[in-house]
Amino acid sequence: MPAWRAGSSRVPERGPADWEGLRVVVAGFAVSGAAAAYALAERGAKVLAVDSREGAGEQERAKLLDVLGGRVALGPGASDALHTVDGNPPDLVIASPGWRPSAPLLAQAARAGIPVWGEVELAWRLRGTAGPVGAPVGPASSAPWLCVTGTNGKTTTTTMLASILRAHGLRATTAGNIGTPLVEAVLDPAGADVLAVELSSFQLHGAHTLAPRASAVLNLAADHLDWHGSMGAYAADKGRIYTDTERACVYNADERPDGQDWPTTEQLVVDADVQEGCRAIGFTLGVPGLSMLGVVDDVLADRAYVADRANSAAELCTLADLADASGGVVAPHVVANALAAAALARAHGVSQQAVRDGLLSTRPGAHRIAVVARSGGVAWVDDSKATNAHAAAASLAGAAAAAGPDAHDGTRVVWVAGGLAKGAQFDDLVGAQASRLRAAVLIGTDREPLRGALERRAPGVPVVEVDAAAASAAGGVMPAAVRAAAAAALPGDVVLLAPASASMDQFSSYAERGDAFAAAVRALLDPSTDDSTGSSTEGEG
């Protein structure tokens, strides 16, 4: 084991580094890690990428890094400890999203005083820089970033934001946790006028000098506590997005403390160290106050970016204008996402008309309150993207709208839920939504957290568990769940897949889980349908 020394003075606390000859270990060699490794190697850095995986993707990416002059260590044990680079300690470590700070390699670097950046930090430091003389790379983009985070709604809001920016005539790219890796977006030779950036709590943890044009935290609820260790730590990482923001910190004015032991998004703004002149801009589903965006009757109104905001407001669009953006179900959380996207875009100088035009042209992503089918008075809805309790609560609250013309006073939800809980508890969710439930169908390998919450907070709601035997008899988890849901649903009801949990215990992703649900629904409603192929696209617009 080498005797590690303190980090190199070649890595400044702020601004770009002298990349040429810099010794860098890239921890993780998936898409983001590879983008970071390639960019650094092209700029003359001495790069070693490490990953415990050694699949076809890693092997293929390793060939390209080798061509660029970098090295790769793959396979079991490759990422267990910090490596030397050309026989010397590294000057810098780049951690891929999702790597816990407690990982031995990162902890070792921290103890030695070696800087640890995430891909977001690297991308920010690369802005406006060029490669060494003679290198086959041009200057990186210095386009401003409009940044979005939150427990839920990040992807929808970022998609809406990019659409609004493009409607204003700007070259806008989605990047970060959505679309293009940030390093690639910054280095894209085609360039962009502005980046719409989605950031996860993992990505923000490793971002130290980010200074967005405008930033937003949409909401905060318990999630990823197994990674962060506590709700306080999770909220603190989310709040990093506001630090050094230039024009506007956008917050959710409808959040209330209600005895929670973590700050509201507004408090995160109050606590943030921002640039001189930066404004706090709230969004609300109610009538907006000064420096807020909100809803007046059926109109989304802006009282933040108008000259006489004490006495007037700008009309941005109507609730009806959001129908296509929400797949036909204009649920409250969709309206909140649109308001946040509009606030960020308006901070960048976008017109009222562009907000409306951009929202009209937005289409929802797959597996987000997508109506898969309507049959026998029952609506079948795929919201597999609802991977935590907060998202499931929003989905359940808006589900009745999916019943459409079949809705009535007795409309209830047959809730298909379960998966990896990620350390979450569901009592508050179930207690708040119990009156909406006709029945619950539980999937997942560990159903106890949801089962227990239903027993305690909704004892009158029938619960069906899809165990291994039931799944085997039905030909799969989702066919069994869909059959159980069909048996419980009454005309006018909504069968809603809103798992409140991650998918990786039984599926490769939330997308595969949603596809399986849609295929099982089609097979049930039309037995001639082949439920082993195809992908759910209904409701994507």
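Note that the structure is a prediction, hence the values are computed from the model and not measured.

Caption draft 1: Quick peek at the packing of helix 1 (residues 31-42) against helix 2 (residues 56-67). At a minimum axis separation of 10 Å, helix 1 and helix 2 run at an interaxial angle of 10°. Looking at the two axes, helix 1 sits roughly parallel to helix 2. Contacts between helix 1 and helix 2 involve Ala34, Ala37, Tyr38 and Ala41 on the former and, on the latter, Arg61, Leu64 and Leu65. For the contact of helix 1 with helix 2, the per-class residue count stands at six nonpolar, no polar and one charged.

Caption draft 2: Quick look at the pattern of salt bridges. All told, the structure shown has 19 salt bridges when counted by the stated rule. The partner of Arg61 in a salt bridge is Glu58, and the shortest N-O contact between them spans 3.3 Å. Residue Arg61 and its partner Glu58 are both found in helix 2; the two are separated by three residues, about one turn of the helix. For Glu58, a relative accessible area of 8% gives the class buried.

Caption draft 3: Main features of the environment of Val120. Here Val120 lies in helix 4 (residues 119-126). Note on Val120: relative accessible area 1%, which makes it buried. As a C-alpha pair, Val120 and Gly176 span 56 residues in sequence and 7.6 Å in three-dimensional space. Here Val120 is in contact with Trp145, Leu182, Leu199, Gln203, Ala207 and Leu210, once residues within four sequence places are set aside.

Caption draft 4: Main features of the packing of aromatic side chains. As enumerated under the stated definition, the model contains three aromatic pairs in all. Their ring planes at 85° and their centres at 6.3 Å tell us that Trp19 and Trp117 sit as a pair that is edge-to-face. One end of the pair, Trp19, is in the segment before strand 1 (23-27); the other, Trp117, is in strand 5 (residues 116-118), and 98 residues separate them in sequence. A residue is classified by how much of its surface remains accessible, and Trp117, at 3% relative accessible area, is buried. Each ring, one from Trp380 and one from Phe517, has its centre 6.4 Å from the other, and the planes form 50°; the classification is tilted. Taken as a pair, Trp380 in strand 16 (residues 378-382) and Phe517 in helix 18 (residues 510-525) lie far apart in primary sequence, 137 residues in all. Phe517 matches Trp380 in its accessibility class, with the two residues each being buried. Note that Arg127 overlies the ring of Trp124, its terminal NZ or CZ placed 4.0 Å from the centroid.

Caption draft 5: Layout of the confidence of the model for the protein. Looking at the protein as a whole, the pLDDT averages 89, with 92% of positions reaching at least 70. Predicted confidence is poor over residues 1-7, with pLDDT under 50, and the contacts of this stretch with residues over four places away or in other chains come to 21 contacts.

Caption draft 6: Just helix 15 (residues 448-457), in detail. Pro449, Leu450, Gly452, Ala453 and Leu454 are the residues of helix 15 that are buried. Buried residues along helix 15 sit in contact with strand 17 (413-417), helix 14 (427-433), strand 18 (437-442) and strand 19 (463-465).

Caption draft 7: View of the pairing of strand 17. Counting buried residues along strand 17, five of its five residues qualify, which places the element largely inside the surrounding structure. Residue alternation in strand 17 divides its side chains into two sets, Val413, Trp415 and Ala417 and Val414 and Val416, and both sets are buried. Of the crossover connections in this fold, the one passing from strand 17 over helix 14 to the parallel strand 18 is right-handed. As paired elements, strand 17 and strand 20 (residues 494-497) share four bridges and run parallel to each other. Paired with Trp415 across the strands is Leu496, a residue of strand 20.

Criteria and thresholds
- Residues numbered from 1 in each chain as written.
- Predicted model: local features only at pLDDT ≥ 70, side-chain atom pairs only at ≥ 80, totals over all residues.
- Heavy atoms only, no water.
- Axes fitted to C-alpha atoms, helices over the stretch in contact; angles between N-to-C directions.
- Helix = DSSP H or I, 4+ residues; strand = E, 2+ residues; numbered from the N terminus.
- Parallel < 35°, antiparallel > 145°, perpendicular 65-115°, else oblique.
- Contact = heavy atoms within 4.5 Å.
- Nonpolar A, V, L, I, M, F, W, Y, C, P; charged D, E, K, R; others polar.
- Salt bridge = Lys/Arg side-chain N within 4 Å of Asp/Glu carboxyl O.
- Buried < 20%, exposed > 50% of the residue type's maximum accessible area, 1.4 Å probe, protein only.
- Phe/Tyr/Trp six-rings, centres within 6.5 Å; stacked < 30°, edge-to-face > 60°.
- Lys NZ or Arg CZ within 6 Å of the ring centre and 35° of its normal.
- pLDDT = per-residue confidence, 0-100.
- Right-handed = clockwise from strand over helix to strand, strands pointing away.
- Pairing = 2+ DSSP bridges.

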